[in-house]
Amino acid sequence: MAPHDRVPPAPSTTATATPPRLPLRTELFGRVRGRILLLLCAMYFITYVDRVNISTAAPFLQSELHLSNTQLGMVLSAFSVPYAFFQLFGGWIADRFGPRRVLAVVGLVWGLATIATGFSVGLVSLFAARLALGFGEGASFPTATHAMARWLPADRRGFGQGITHAFSRFGNALAPLGVAALIAAWSWRASFWLIGVVSLVWLVGWIWYFRDSPADHPGVGERERAEVPAPPRVQRPPVPWPALLRRVLPVTAVDFCYGWTLWVYLTWIPSFFKHAYGLDLADFALFTTLVLIAGVAGDLGGGMITDALLRRTGNLRFARRSVLVTGLLGSFAFIVPTLFVHGVAVVTVCLALAFFLLETTNSVLWSVPMDLAPDHAGTASGLMNTGFGAAGIVSPFVFGLLIDATGSWQVPFAVSAALLLVGALLALRLDPTRRITG
């Protein structure tokens, strides 16, 4: 057995000793780490508005730029090409240079790319702007995960992933109504310009307040310093690639199955309501928001449930695996009725419930890399989220291609349902207790 494959016996099946839990209000507002978590929540919110605003604007830019469904699918997939690549590379950069500098650079890129989207004049320029956005946002979530691994106690990591991703889903949910209002007041182009400026404002706040280590932050007192993880070693060990690949690639496969359906929600749901039901801008934006708002509760609930199960049972494998399997199977169960029912009210409810259950798995997927490789959290989480990025390359394009080829919305939704079932079966084999040390 290689040195990096050694599994410490104690942490593998039971929860390690942690400081007493603080009330949530104290956790968020009475500790520096809480304010940093809220700053990361703002980042997740903004980045998801940046990446999904195009789905609300899609019917309008598709008409103005004369794009087919297949070409629109290519544009929607463009974001994920660099995004998938930078999951792994960006995570390694975060481990190497620290979250403060990395998010400062990528934040500047994604803010400018969002503004550039509003200046697109055709397929090529729009595709290029979405590629640039993918470059900017590709390293953002692995870097944020590295920051959380440095600042959050072990039994708050599920909550940290849950609340930050809840804010991302809140961004998903508000984007249709907000972007629709901007389109109605000005134009689809103005919606990208304004949101890009908001991204740059967040960047200033991040550089001003965040520090890579609690020990370097002037606001951290002795009590909080004792509650957060020990600072990383000055000389970091080399990445144990063989062990990391064996442990994390199964999680990557589950993340691909999860990501396929999530990308459908993020890119095609507004067009689905517009074209399948003939809804106007205000109505399809409202129905999209009603569906996506369910993801906010799902992300927050999934993170809190997995942490609670870990504290109650001391069984890390059960705490992570049970939430994953239940969420994926539940999402599959509620997508299936949409293949046979056409009523907009019933379909909306089913899609919302399916999205809620899908999102209960998200914070767990992001917690598992921290469980498996705490010394390489950025690299491990980037490797895991490569599955989501890869799904983002294929899913929007294939979805649009199937619509053009079959003239049916049911066929691409059926593919999504099948992959959820595959993901649930794969999740049964995940073991986050096989921790990599060194």
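Presented here is a report on the structure given in the accompanying data block. These figures come from a predicted structure and were not determined experimentally.

Rules used throughout
Every residue gets a number counted from 1 within its own chain, in the order that chain's sequence is written. The predicted nature of this model means local features are confined to residues of pLDDT at least 70 and side-chain atom pairs, given and counted, to a pLDDT of 80 or more, with totals for whole chains, interfaces and linings taken over all residues. Only heavy atoms go into the side-chain values, all of them from the structure, while hydrogens and water stay out. Secondary structure counts use DSSP, requiring at least four H or I residues in a row for a helix and at least two E residues in a row for a strand, with both numbered from the N terminus. When a carboxyl oxygen of Asp or Glu lies within 4 Å of a side-chain nitrogen of Lys or Arg, that pair is called a salt bridge. The rule is simple: take the accessible area with a 1.4 Å probe, protein chains only, and divide by the maximum for that residue type; under 20% is buried, over 50% is exposed, in between is partly exposed. Convention adopted: a line fitted to C-alpha atoms gives each axis, helices being fitted over their contacting stretch, and angles between N-to-C directions are expressed from 0 to 180 degrees. Angle categories: roughly parallel below 35 degrees, roughly antiparallel above 145, roughly perpendicular from 65 to 115, and oblique for all the rest. Handedness of each helix crossing follows the sense of rotation of the near helix against the far helix: counterclockwise by less than a right angle gives left-handed, clockwise gives right-handed. We call two residues in contact when some of their heavy atoms are within 4.5 Å. Amino acid classes used here: Ala, Val, Leu, Ile, Met, Phe, Trp, Tyr, Cys and Pro are nonpolar; Asp, Glu, Lys and Arg are charged; the rest, including Gly, are polar.

## Looking at unusual backbone geometry
Step number 1: Although it is not a glycine, H66 adopts a positive phi angle of roughly 60°.
Step number 2: Note on placement: H66 falls in the loop between α3 (32-65) and α4 (69-78).

## Considerations on the pattern of salt bridges
Step number 1: In total, this model carries 4 salt bridges according to the counting rule given.
Step number 2: A salt bridge links E64 to R189, with the shortest nitrogen-to-oxygen separation between them at 3.0 Å. Here the residue E64 occupies a position in helix α3, and R189 occupies one in helix α10 (residues 188-209), the gap between them amounting to 125 residues.
Step number 3: A relative accessible area of 41% means that E64 is categorised as partly exposed.
Step number 4: When its relative accessible area of 17% is taken as the criterion, R189 is described as buried.
Step number 5: Ionic pairing is found between R320 and D371, a salt bridge with its closest N-O pair at 2.7 Å. Residue R320 is located in helix α16 (residues 316-335), and its partner D371 is located in helix α18 (residues 362-372); the two are separated by 51 residues in the primary sequence. Summarising the burial analysis for this pair, R320 and D371 share the class buried.
Step number 6: Connected through salt bridges with shared partners, the residues D307, R320 and D371 form a single ionic network.

## Here's the deal with the packing of α16 against α18
Step number 1: Where α16 contacts α18, the axes come no closer than 10 Å and their chain directions differ by 155°. Our classification of the angle between α16 and α18 gives roughly antiparallel. α16 and α18 meet at a crossing whose hand is left-handed. Where α16 approaches α18, its residues L316, R320, V323 and L324 are matched on the opposing element by V364, L365, S367, V368 and D371.
Step number 2: Here the residues of the contact of α16 with α18 are counted per class, giving 6 nonpolar, 1 polar and 2 charged.

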